[in-house]
Amino acid sequence: MDTVETINLKKHFAEVKAVDGVDLAIHEGEFFVILGPSGCGKTTLMRMIAGLEAPTEGDVVIGGVRVTDLPPRMREVAMVFQSYALYPHMTVFDNIGFPLKAKKMPKAERRSKVEAAAATLGVEQLLDRKPRQLSGGERQRVALCRAMVKEPRVLLLDEPLSNLDAKLRTAARAELEMFQRQLGITTIFVTHDQIEAMAMGDRILVMSAGKVMQVGAPQKIYHDPVNLFVATFLGSPTINLVEKGGCLIGFRPEHFLPRGSAVTDEELTTVSLNVFHVENLGADRLVYGELENAYEGKLITAKLPSIVTEVIEPGTTYDFVVETSNLKYFDKETGQKTEAIPL
Amino acid sequence: MEQAAQTPTKTKTRFQYLTDRESFLGSLFLLPAVLYIILLVGVPFGMAIAFSLSDVTVGDTSLDYVGLENFRRILNTPQFRRALVNSFIITLIAQLFVIILANILALIFYEDFPGKWMARMLIIMPWATPISLGTIGWLWIFDSKFSPIDWVLQQIGLLGPDTLLGPGKHLNYLGREELAMVAVIIVHVWRMLPLATVILLAGLASIDKDLIDQAQVDGAKFWRIHRDIRLPLIYPIMSIALLFGLIFTFSDMVVVFLLTRGGPIYYTQVLPTWAWFKGIDGGNLSEGAAVALFLFPLLLVAAILILRSAKRSEIT
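### Section: the overall build of chain A
Phase 1 of the analysis: Scanning chain A from N- to C-terminus turns up 8 helices and 18 strands.
Phase 2 of the analysis: Here chain A holds 343 residues, and 38% of them are scored as buried.
Phase 3 of the analysis: Considering only residue pairs separated by 6 or more positions, chain A has 64% of its internal contacts joining residues 24 or more positions apart.

### Thoughts on the overall build of chain B
Phase 1 of the analysis: Looking only at helices and strands, one finds 14 helices and 0 strands in chain B.
Phase 2 of the analysis: Each helix and strand of chain B, placed in order from N terminus to C terminus, yields the pattern α-α-α-α-α-α-α-α-α-α-α-α-α-α.
Phase 3 of the analysis: With respect to the three principal axes, the spread of C-alpha positions in chain B is 110 × 70 × 35 Å.
Phase 4 of the analysis: When each of the 316 residues of chain B is scored for burial, the buried share is 30%.
Phase 5 of the analysis: Considering only contacts within chain B whose residues lie at least 6 apart along the sequence, 69% involve residues at least 24 apart.

### Overview of the confidence of the model for chain B
Residues and elements named next belong to chain B.
Phase 1 of the analysis: Looking at chain B as a whole, the pLDDT averages 85, with 94% of positions reaching at least 70.
Phase 2 of the analysis: Low confidence marks residues 1-6, where pLDDT is under 50. Its contacts with residues over four positions away, or in another chain, come to 0 contacts.
Phase 3 of the analysis: Model confidence for the complex is summarised by a pTM of 0.78, with the ipTM given as 0.84.

### Here's the deal with the pairing of strand β4 (residues 57-62) of chain A
Residues and elements named next belong to chain A.
Phase 1 of the analysis: In this sheet, β4 lies alongside strand β1 (residues 4-13) in antiparallel orientation, the contact comprising 5 bridges. Directly across from V4, in β4, lies its bridge partner I62.
Phase 2 of the analysis: As paired strands, β4 and strand β5 (residues 65-66) are joined by 2 bridges and run antiparallel to one another. Looking at the pairing, I62 lines up with V65 of β5.

### A closer look at the sheet that holds β5 of chain A
Each strand in a sheet pairs with another by means of backbone hydrogen bonds, the pair being arranged parallel or else antiparallel.
Phase 1 of the analysis: Spatial ordering of the open sheet is given by β2-β1-β4-β5 (chain A), a layout of 4 strands whose pairing is antiparallel. Of all the strands in the sheet, the pair left with one neighbour each is β2 (16-26) and β5 of chain A.

### Description of the interface of chain A and chain B
Phase 1 of the analysis: Each partner contributes to the interface: chain A provides 20 residues, whereas chain B provides 17 residues.
Phase 2 of the analysis: Contributing elements (two or more residues each) for the side of chain A that touches chain B: β6 (77-80) and α2 (92-102) of chain A.
Phase 3 of the analysis: Class assignment of the residues belonging to the side of chain A that touches chain B gives a composition of 14 nonpolar, 2 polar and 4 charged.

### As for the packing of helix α4 (residues 78-110) of chain B against helix α8 (residues 177-205) of chain B
For any two helices packed against each other, the geometry is given by the interaxial angle and the distance between the axes.
Residues and elements named next belong to chain B.
Phase 1 of the analysis: Contact geometry of α4 with α8 gives a least axis separation of 7 Å together with a crossing angle of 40°. Classed by the angle they form, the pair α4 and α8 counts as oblique. Note that α4 runs across α8; the crossing there is right-handed.
Phase 2 of the analysis: Looking at the contact of α4 with α8, its residues break down into 22 nonpolar, 3 polar and no charged.

### Brief notes about unusual backbone geometry
Phase 1 of the analysis: Cis peptide bonds are those with omega within 30 degrees of zero, and the linkage from S236 of chain A to P237 of chain A qualifies with -5°.
Phase 2 of the analysis: As for its position among the elements, P237 of chain A is in the loop between α8 (228-233) and β11 (240-244).
Phase 3 of the analysis: Phi angles above zero are rare outside glycine, and K104 of chain A is one such case at about 60°.
Phase 4 of the analysis: You will see that I265 of chain B, though not glycine, has its phi angle at about 50°, which is positive.
Phase 5 of the analysis: Topologically, I265 of chain B is positioned in the loop between α11 (254-259) and α12 (271-281).

### Comments concerning the environment of V198 of chain B
Phase 1 of the analysis: Mapped onto the fold, V198 of chain B is located in helix α8.
Phase 2 of the analysis: C-beta crowding within 10 Å serves as the criterion here: with 19 such atoms nearby, V198 of chain B is assigned to the partly exposed category.

### Quick look at the sheet that holds strand β13 (residues 257-258) of chain A
Phase 1 of the analysis: Within the open sheet, the 5 strands sit side by side as β13-β17-β14-β15-β16 (chain A). Their pairing is antiparallel. Strands with a single pairing partner mark the edges of an open sheet, and in this sheet they are β13 and β16 (300-305) of chain A.

### Things to note about the environment of A262 of chain A
All names here are of chain A.
Phase 1 of the analysis: Topologically, A262 is positioned in the loop between β13 and β14 (268-280).
Phase 2 of the analysis: With 59 residues separating them along the chain, A262 and V321 place their C-alpha atoms 7.5 Å apart.
Phase 3 of the analysis: Beyond its immediate chain neighbours, meaning those up to four positions away, A262 contacts L257, L268 and V321.

### As for the nonpolar core
Phase 1 of the analysis: Judged by nonpolar contacts, the single largest core of 140 residues is most densely connected at I49, L156 and I188 of chain A.
Phase 2 of the analysis: Element by element, the count of residues in this core is highest for α8 of chain B, at 13 residues.
Phase 3 of the analysis: Contact partners of I49 of chain A, with chain neighbours within four places excluded, come to V4, T6, V60, V77, L156 and I188 of chain A.

### Notes on α2 of chain A
Residues and elements named next belong to chain A.
Phase 1 of the analysis: Counting buried positions along α2 yields 8 of 11 residues, so the element is predominantly enclosed.
Phase 2 of the analysis: Three or more residues of α2 are buried, namely V92, F93, N95, I96, G97, F98, P99 and L100.
Phase 3 of the analysis: Contact partners of the buried residues in α2: α3 (107-120) and α4 (136-148).
Phase 4 of the analysis: One or two steps after α2, the chain reaches K104, where phi turns positive at roughly 60°.

### Things to note about α12 of chain B
Residues and elements named next belong to chain B.
Phase 1 of the analysis: Among the 11 residues that make up α12, 8 are buried, leaving the element largely enclosed by the rest of the structure.
Phase 2 of the analysis: Turning to α12, its buried residues are L271, P272, T273, W274, A275, F277, K278 and G279.
Phase 3 of the analysis: The positive-phi residue at the C-terminal boundary of α12 is G283, with phi of around 80°.

### A short note on the environment of E115 of chain A
Phase 1 of the analysis: The topology assignment puts E115 of chain A in helix α3.
Phase 2 of the analysis: Taking C-alpha positions, E115 of chain A is 9.9 Å from C145 of chain A, a pair spaced 30 residues apart along the chain.

The rules we used
- Residues numbered from 1 in each chain as written.
- Chains lettered and ligands numbered in written order.
- Predicted model: local features only at pLDDT ≥ 70, side-chain atom pairs only at ≥ 80, totals over all residues.
- Helix = DSSP H or I, 4+ residues; strand = E, 2+ residues; numbered from the N terminus.
- Buried ≥ 20, exposed ≤ 12 C-beta atoms within 10 Å, placed from the backbone.
- Contact = placed C-beta atoms within 7 Å.
- pLDDT = per-residue confidence, 0-100.
- Pairing = 2+ DSSP bridges.
- Nonpolar A, V, L, I, M, F, W, Y, C, P; charged D, E, K, R; others polar.
- Axes fitted to C-alpha atoms, helices over the stretch in contact; angles between N-to-C directions.
- Parallel < 35°, antiparallel > 145°, perpendicular 65-115°, else oblique.
- Left-handed = near helix turned anticlockwise from the far one by under 90°.
- Core = buried A, V, L, I, M, F, W, Y, C linked by C-beta atoms within 7 Å.

What follows is the structure, encoded as structure tokens:
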């Protein structure tokens, strides 16, 4: 049985279709990521699962029970907001203990649960502090502690890493993922950051304009996108697109290498790239070049790992290759994936 | 030629940058406020103290020092003691109701409903109305013969012969000791409620919406959210509303002066009206000043206490 299901879930704000018919089935213990650009409806979708937003149409099912009309407190969900929403006037102890207090749990039992949760996340020495005395990372842990202490069936995380600085974010990402695996709690994680999604998700849902674009394992979504939106949204630098007939052919920058450095038995497709500009980023070299039938006249990018030592100079034309199996084909009109066409 | 051109520039520099000097500008801009406080607050306050320690009256304006004689004398009169007690009763009860009702109203007006703006505007009206006009309106409402309250009570069968509140056909609100006090308190509540509501509404609006959502997900119901989250967060701003309410009500003389003139007999006198009746109406300036000075320490203590508690619970 799936832990969380949504059935044709819709939320319309007047003319705006924030969420427009989403069907989901999230498995027990899964780390499920909802990925999309800002304004795509991912937060609204999560708020409907939490019960903070009433759907215009459709149903939410948690643990096999239809909860569409139940208030948040009846849903066995916990949530961590982007802002962490720590109660500023309460100590860390009272913050973590609040969900238990709302359950009218006796004081002694509450204390032991709060202390146990705080120890799990390493915030036990902060229990007497107020939220304003905490760093960003500490706030995030306290918020997570408060979410976990009531032992929810589903943990909802709304961009919980986006308020941390870049270095801390990477560490917190790994920590959060390990924590989730350890507890095995069903987790829904909303983000606009494709790297977070790729790194953490068991499965990713890519959303655009209130609709589901694709659901699947990170590698599947990255290597086999069902449409142009998914293909261009994932990957940095973004996928290269070349026009041919009514078809767009896509290939990722890291699959696009100088002919000399491609050692493989696979069938290769060769093009000559007129190199325009080279950026050496240390770990990688980004080569930007012109191709005559590039989609919308954009520059074509190649991402060369540092082990590729060939000299690439701007203003020169080189032969670049891509494995034919790494080419992706999309219909130019609909943006949907299509069959391979002869080149 | 060069010499002549330089001299005016030099003199100009001395005054040209005067307005850039903070010490000069600061004092200049503070001057009106300082003058205002000295002339309109400091001088009258000093005069009140001088009057209260002398035997000055309207008829004999010479200031002869009599020590605390005036204070001793007014403390011995039942009118003063009644006014002192009334001031406290009216202020405290009125503010209790104001805070409770303002909380309820603010919670209602914080929610979205059709006609919200109209309702919000109406709730502000008592504050926008001159207090004297409002009180005159209430004077009609509490009229001994034509009171619309009496009329409604008669129509629904609560007032008149053989009814619960009968047998008289009128309650004569302002002619009866307790009812007159109630009437004064009602007008004060009516008067202060809009300001308190608007202040609390601003307080509620300043609470991060995420906190309320979070509390809901955490499993809290309405009352727990209100008691554990909203109230503590708006407490600092609520104490400001309370401070304003206490001071406005405690020092107000218009309501009692227009509604009951302190009557029946002197049963609804408060300190400001009694000071006026004694000092201006009765011509006994020294005793009037002594009565009025009783307002000062009480208001001072209230202000210090509430400002301090607001600071303590300040949340950043």
